[in-house]
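# What the coordinates show
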Amino acid sequence: QASPLTFDPEAHRYELAGKTLISVTRTWQLSGYDPYEGCPVSHIEGRAQLGKVCHAVFAFDELGVLDENTVAAPVWPYLRGLRKFRADKKPKMKRVEEMVFSKRWQYAGRFDWIGEIDGKLSLVEWKITRKLAWIFGVQLAGYQCAVEEMERLKIKARYVLQLLEDGTYRFEPYTDASDFDTWL
């Protein structure tokens, strides 16, 4: 069955039955918080494009359908980090790169990964940023609220998997309960 949620990538706009919903990441701008404050716009745009490509590659790799011949050189270190994480932690992927929405709160977004890690249903956000920010915990809380509302699942843990330029990773739990208060 087709989802009633649509996404326009050019406008970065989600619509539910013709009604525009706010995106999880757009709330950063509305809150006045800018995790990239002070960075040159050209750098931000370049990293954003690299992030989009990395996310697509990661999703194909998770699904087992990645053609490695299509992976651009700048993406490889991040992909190696993801594969190293999988070898180390042995996560069990259930869903990857799916749109979710909250009818109650009128927002939508696309989470990166849901699966089991250490026996717990976990939500993971992939990042190729050089620094982690507190706002990522709020972002994860937004996705968690939408997933739990839509699917009646209970997420037990939230993480950011920071994939680094040297082919390593940092796996950071986000456990602050106030992330949900901040989100809502």
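Residues numbered from 1 in each chain as written. Predicted model: local features only at pLDDT ≥ 70, side-chain atom pairs only at ≥ 80, totals over all residues. Heavy atoms only, no water.

## What to know about the overall build of the protein chain
- Counting secondary structure elements, the protein chain contains five helices and eight strands.
- In the protein chain, the succession of α and β elements from N to C terminus is β-β-β-α-α-α-β-β-β-α-β-β-α.
- Relative to a compact globule of 184 residues, whose C-alpha radius of gyration would be 16 Å, the protein chain shows 16 Å and is just as compact.
- C-alpha extents for the protein chain along the principal axes are approximately 40 × 40 × 35 Å.
- For the protein chain, the separation between the mean place of its 26 positive charges and that of its 26 negative charges on side chains is 3 Å. (Helix = DSSP H or I, 4+ residues; strand = E, 2+ residues; numbered from the N terminus. Rg over C-alpha atoms; globule rule 2.2 N^0.38 Å. Lys, Arg positive; Asp, Glu negative; His and termini not counted. Charge placed at Lys NZ, Arg CZ, Asp CG, Glu CD.)

## Thoughts on the pattern of salt bridges
- Under the criterion given, the structure shown has 16 salt bridges.
- Residue D179 pairs with R158 through a salt bridge whose shortest N-O separation is 3.1 Å. With D179 in helix α5 (residues 178-183) and R158 in strand β7 (residues 157-163), this residue pair connects regions lying 21 residues apart in the sequence.
- Given a relative accessible area of 7%, D179 falls into the buried group.
- Three or more residues are tied together by salt bridges with common partners; here these are D61, E62, E68, R83 and R86. (Salt bridge = Lys/Arg side-chain N within 4 Å of Asp/Glu carboxyl O. Buried < 20%, exposed > 50% of the residue type's maximum accessible area, 1.4 Å probe, protein only.)

## Focus on the side chain of R158
- Residue R158 is classed as buried on the basis of its relative accessible area, which comes to 6%.
- Polar side-chain contacts of R158 include one of 3.1 Å to the side chain of D179. (Polar contact = N/O pair within 3.5 Å; in protein donor to acceptor, adjacent residues only side chain to side chain.)

## Some words on helix α3 (residues 76-89)
- Taking 1.5 Å per residue as the helical rise, α3 with its 14 residues ought to reach 20 Å, and the 20 Å between its terminal C-alpha atoms agrees with that figure.
- Burial in α3 covers these residues: P77, Y78, L79, G81, L82 and F85.
- At the exit of α3 stands K90, carrying a positive phi of roughly 55 degrees. (Expected span 1.5 Å × (residues − 1).)

## Quick word on helix α4 (residues 135-151)
- Between its first and last C-alpha, α4 extends 24 Å over 17 residues, near the 24 Å set by a 1.5 Å rise per residue.
- Across the 17 residues that make up α4, a large majority, 14, are buried.

## Looking at a nonpolar patch on the surface
- A surface patch of nonpolar side chains, about 300 Å² in accessible area, is lined by F60, L63 and V65.
- Secondary-structure assignment places V65 in the loop between α2 (41-63) and α3.
- Overall, the relative accessible area of 54% leaves V65 in the exposed class. (Patch = residues over 30% accessible without salt bridge, like charges linked within 9 Å, V, L, I, M, F, W, Y side chains within 5 Å. Areas by Shrake-Rupley, 256 points an atom, 1.4 Å probe, with all protein chains shown as cover.)

## Notes on the side chain of Q139
- One can find Q139 in helix α4.
- Taking relative accessible area as the criterion, Q139 reaches 2% and is therefore assigned buried.
- Side-chain polar atoms of Q139 contact the side chain of E125, separated by 3.2 Å.
- When near neighbours in sequence (up to four residues on either side) are disregarded, Q139 contacts V24, T25, W28, E125 and K127. (Contact = heavy atoms within 4.5 Å.)

## Remarks on the environment of R83
- In this fold, R83 is placed in helix α3.
- On a C-alpha basis, the gap between R83 and C145 in space is 28 Å, while along the polypeptide they are 62 residues apart.
- Among residues more than four places away in sequence, those in contact with R83 are D61, L66, E68 and W76.

## Let's talk about the pairing of strand β4 (residues 92-102)
- One ladder, built from nine bridges, connects β4 with strand β5 (residues 107-117); its direction is antiparallel. For M93, the partnering residue across the bridge sits in β5 and is G115.
- Where β4 hands over to β5, the hairpin turn is made up of four residues, of which Q106 adopts a positive phi near 60 degrees. (Pairing = 2+ DSSP bridges.)

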